[in-house]
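What the coordinates show
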Amino acid sequence: MSLPATDPAPPKRPEFPYLDGLRGLSAVLVVLYHTYLFTGLSGESRAELPMLKEFLGWGYLGVPVFIVLSGYVLMLPVLSTPGLKFRHGVWSFIKRRGKRILPPYYAALVFSLLLIALFPVLQEKGGTQWDSKIPVTWGSTISHFLMLHDFNHHWIGKINGPLWSVAVEWHIYFLMPLLLLPLWRRIHPAIIVGALTAASFWLLAERAFGFVHPWLVALFAAGMWAAQLTMRQQTVRAAGPVFILLAAATVGCAVFRSDIPLPTRGLMELMTGLAVAAGLVWLGRRAVAGRIPRGARLLQARPMLFLGLISYSVYLFHSPLLGLANLLLLPLDLSLATHWAVMTFAVMPAVLVLCWLFFLLVERHFLNTRQRHTVEAHDPAGQPDTGLEDAPAVRN
C-alpha cells in the first residue's frame, strides 16, 4: 500500500457520492448515542439499560469517521496539483475552510447560549448529563468564540458538547498546509502516518492530553494517505486485506477492552479511524474502476444523501435540544425504558427536523459551488425541490 509522494495523479478529481451517506450515517450514530446518554439522570441509562449500550454506546465513534473523511476529501484536490500544493495558495484554503465551517459553528454557539438563557431548567444542575455543559462562564464562552476551548479540560465540554471536535478540526486545517503537506513532499506518507499513529499509542499509554484527542491528527493524516492511495496509478492489492485486518482488530479491541491497558475511548477512536481509512482506499479503488460494492450503493440512496447533506447542522445543533427535552421529560416520572423510547422515537426525529431548518436558515448560505451534487441527486431534473441552491456532497 506504499505510495511515493511524487506519484502522478489523474488531472480530474473524481466524485465518491457514498461519502455523503457515510457522513450522514456517522451523524445519526452520534445523535443516537447522545439520545441514549441524555436519557434520565446521568449514568442511569447505562446502569438500567445495559443492552442498549452494546448497540448505542459506540456512537461517539462518528467523530473519528468525520476526521478521516475530512483528510480524505481535502487531499483529493491537492493530488491534482504539481508538488502537492493548494491550487490557490494556503491563505485561500484557510479562507475557504473558514467560510465553510465557522458561520454555522458560531450560529450554533449563539443558539446554545440563547437556549440556556431562555430556559431556567438548563441553568441549574439536575443530576443529568447536561450538568457537564454548565455553568456558562466568561472563560468557557470566550474560549468557545476563539475556538480555543479544546485546549482546556474545564472548557472543552461546556455549552454545547460536540463543538469541541469542530475546534480540533479547525486547528488541524492549519496543520495540513503548515506541517503535514511539507512533510508529505519529503517523507513517504507511510512513515508520517506510522509515526503519528505510534505517537498516538504512546499518548494513550501515558494518558496524556486525552481530553483534546491528539490521535485525531493521525487519523486526519490517515485520511490524506487514503485519498492518495485511492488515486494512485499502480495497483493497491493490499487495500482489502488491510481493511479486514484493521476492522477485525477494532472489533477485538471492543470485545477485550477490559483487558487492554489503554483508555478504551481513545483506543477505539484510533482503531476505528484507521479501519475507516483503509476501507476508503478499498471502496475508492473499486469506485474508480466502476465496480462500486452493493453496500456503498446503499450509502448513495436518497435518504442517506439527505442525511449527509445536513450532517454538519445535525452535529452542531442536536445536543442542547436533547438536553432540554430530557430535562422537560423528567417531571413526568416515566420508566427509564419509556423515557428512552420517547427520546428516541419522538424527540430525536423532531430534533433532526429542527437541524434541517437550521441548515436551511444558516448553513446553506456558506456552501461552495462544488457542493451542489447532493441537491441534484434529490431532483433528477436538476431543480432543487427544497429551494436550496447550494448543497454539500460532503461537508468539506
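Reading the values: the criteria
- All residue numbers refer to positions counted from 1 along the written sequence of the respective chain.
- Only residues with pLDDT of at least 70 are given local features in this predicted model, and only at 80 or more are side-chain atom pairs given and counted; all residues enter the totals for whole chains, interfaces and linings.
- Side-chain figures throughout are based on the complete set of non-hydrogen atoms in the structure, without hydrogens or water.
- Numbered from the N terminus, helices here are DSSP runs of H or I no shorter than four residues, and strands are runs of E no shorter than two.
- Multiply 1.5 Å by the residue count of a helix minus one, and that product is the helix's expected span.
- Working definition: with a 1.4 Å probe on protein chains only, accessible area under 20% of the residue-type maximum means buried, over 50% means exposed, and in between means partly exposed.
- When checking whether two residues touch, look at their non-hydrogen atoms; a contact exists if any pair is within 4.5 Å.
- What goes into a patch is any residue over 30% in relative accessible area without a salt bridge, connected to like charges within 9 Å or, for nonpolar side chains (Val, Leu, Ile, Met, Phe, Trp, Tyr), within 5 Å.
- The accessible surface values rely on the Shrake-Rupley method and a 1.4 Å probe; as for residues, cover is taken only from the protein chains in view.
- Salt-bridge detection follows one rule: a side-chain nitrogen of Lys or Arg within 4 Å of a carboxyl oxygen of Asp or Glu.
- Convention adopted: a line fitted to C-alpha atoms gives each axis, helices being fitted over their contacting stretch, and angles between N-to-C directions are expressed from 0 to 180 degrees.
- Throughout this description, any angle smaller than 35 degrees is read as roughly parallel, any larger than 145 degrees as roughly antiparallel, any in the 65 to 115 degree range as roughly perpendicular, and the remainder as oblique.
- Three classes are used, and their members are as follows: Ala, Val, Leu, Ile, Met, Phe, Trp, Tyr, Cys and Pro are nonpolar, Asp, Glu, Lys and Arg are charged, and the others, Gly among them, are polar.
- As a per-residue measure, pLDDT tells how confident the predictor is, with possible values from 0 to 100.
- Should the near helix be turned counterclockwise from the far one by less than a right angle, the crossing is left-handed, whereas a clockwise turn marks it as right-handed.
- Think of the arc as the fan of directions from the helix axis to the C-beta atoms.
- Only buried residues count toward a nonpolar core, which is a set of Ala, Val, Leu, Ile, Met, Phe, Trp, Tyr and Cys residues joined through side-chain atoms within 4.5 Å.
- Geometry of aromatic contacts follows a simple scheme: Phe, Tyr and Trp rings, the Trp one being its six-membered ring, pair when their centres are within 6.5 Å, and the pair is stacked under 30 degrees between planes, edge-to-face over 60, tilted otherwise.
- Placement of a charge over a ring requires the Lys NZ or Arg CZ to be within 6 Å of the ring centre, with the centre-to-atom vector within 35 degrees of the ring normal.

1. Describing helix α9 (residues 215-231)
Between its first and last C-alpha atoms α9 spans 25 Å; for 17 residues at 1.5 Å apiece the expected length is 24 Å, and the two agree. Across the 17 residues of α9, 16 count as buried, placing the element largely inside the fold.

2. Some remarks on the environment of Leu246
Locating Leu246 in the fold gives a position in helix α10 (residues 239-255). Leu246 sits 30 residues away from Val276 along the chain, and the two C-alpha atoms are 8.7 Å apart. Those residues in contact with Leu246, other than ones at most four positions away along the chain, are Met271, Leu274, Ala275 and Ala278.

3. Some words on a nonpolar patch on the surface
A cluster of nonpolar side chains, contributed by Val90, Phe174, Leu178, Leu179, Leu183, Ile187 and Ile191, occupies part of the molecular surface with about 580 Å² of accessible area. The greatest single-element share of the nonpolar patch, amounting to four residues, is contributed by helix α7 (residues 163-184). Among the secondary structure elements, Phe174 is positioned in helix α7. Overall, Phe174 belongs to the partly exposed group, its relative accessible area being 31%.

4. Quick notes on the packing of α7 against helix α8 (residues 189-206)
One can describe the packing of α7 onto α8 by two numbers: an axis separation of 8 Å at closest approach and a directional angle of 135 degrees. Taken as axis vectors, α7 and α8 run oblique relative to one another. Facing Leu180, Leu183 and Trp184 of α7, the residues of α8 in contact are Pro189, Ile192, Val193 and Leu196. In terms of residue class, the contact of α7 with α8 is built from seven nonpolar, no polar and no charged.

5. A short note on the confidence of the model for the chain
When pLDDT is averaged along the chain, the result is 88, and 89% of the positions lie at 70 or above. Residue range residues 1-6 is modelled with pLDDT below 50. Its contacts to residues more than four positions away, or to other chains, number 25 contacts. Residue range residues 377-395 is modelled with pLDDT below 50. Its contacts to residues more than four positions away, or to other chains, number 57 contacts.

6. Here we look at the pattern of salt bridges
For the structure shown, the criterion picks out two salt bridges. With its nearest N and O atoms 2.8 Å apart, the salt bridge here joins Arg100 to Glu363. Note that Arg100 is positioned in helix α5 (residues 90-118) and Glu363 in the loop between α15 (336-361) and α16 (373-378), a separation of 263 residues in sequence. Of the two residues, Arg100 and Glu363, neither departs from the other in class, the shared state being buried.

7. Notes on the packing of α10 against helix α11 (residues 264-288)
Relative orientation of the contacting elements α10 and α11 amounts to 160 degrees, with a least axis distance of 8 Å. The angle between the axes of α10 and α11 places the two elements in the roughly antiparallel class. Relative to α11, α10 is oriented so that their crossing is left-handed. Only Leu267, Met268, Met271, Thr272, Leu274, Ala275, Ala278, Gly279, Val281 and Trp282 of α11 make contact with α10, whose side of the interface consists of Ala239, Gly240, Val242, Phe243, Leu246, Ala247, Ala249, Thr250, Cys253 and Ala254. Its residues placed into classes, the contact of α10 with α11 shows 16 nonpolar, four polar and no charged.

8. With respect to helix α13 (residues 302-309)
Of the residues making up α13, those classed as buried are Met304, Leu305, Gly308 and Leu309. Down the axis of α13, the smallest arc covering the buried residues is 150 degrees, so these residues share one side.

9. Overview of the nonpolar core
Tyr18, Tyr72, Met75, Met176, Trp184 and Leu216 are the most contacted members of the largest nonpolar core, which has 113 residues in total. When sequence neighbours within four positions are dropped, the list of residues in contact with Tyr18 reads Tyr72, Leu280, Leu283, Gly284, Ala287, Ala296, Leu299 and Gln300. In this structure, Tyr36, Leu49, Leu56 and Trp340 belong to the second largest nonpolar core, which totals five residues.

10. Observations concerning unusual backbone geometry
The amide bond that connects Ile134 to the next residue, Pro135, takes the cis arrangement and shows omega of 5 degrees. With respect to the helices and strands, Pro135 occurs in the loop between α5 and α6 (138-145). Despite not being glycine, Leu84 shows a phi value in the positive range, around 55 degrees. For Leu84, the location among the structural elements is in the loop between α4 (62-79) and α5. In this structure, Ile159 is a non-glycine residue whose phi angle is positive, near 70 degrees. With respect to the helices and strands, the residue Ile159 is situated in the loop between α6 and α7.

11. Notes on the packing of aromatic side chains
Under the criterion given, the structure shown has 16 aromatic pairs. Note on Phe86 and Phe93: the rings are 4.1 Å apart at their centroids and 20 degrees apart in plane angle, and the pair reads as stacked. Accessibility assignment for this pair places Phe86 and Phe93 in one class, buried. Aromatic side chains Trp340 and Phe345 sit 5.8 Å apart centroid to centroid with 80 degrees between the ring planes, which places their arrangement in the edge-to-face category. For Phe345, a relative accessible area of 60% gives the class exposed. Three or more aromatic residues joined by ring pairs make a cluster, and in this case those are Phe86, Phe93, Trp170, Tyr173 and Phe174. The ring of Tyr173 is capped by Arg97, whose NZ or CZ atom sits 5.3 Å from the centre of that ring.

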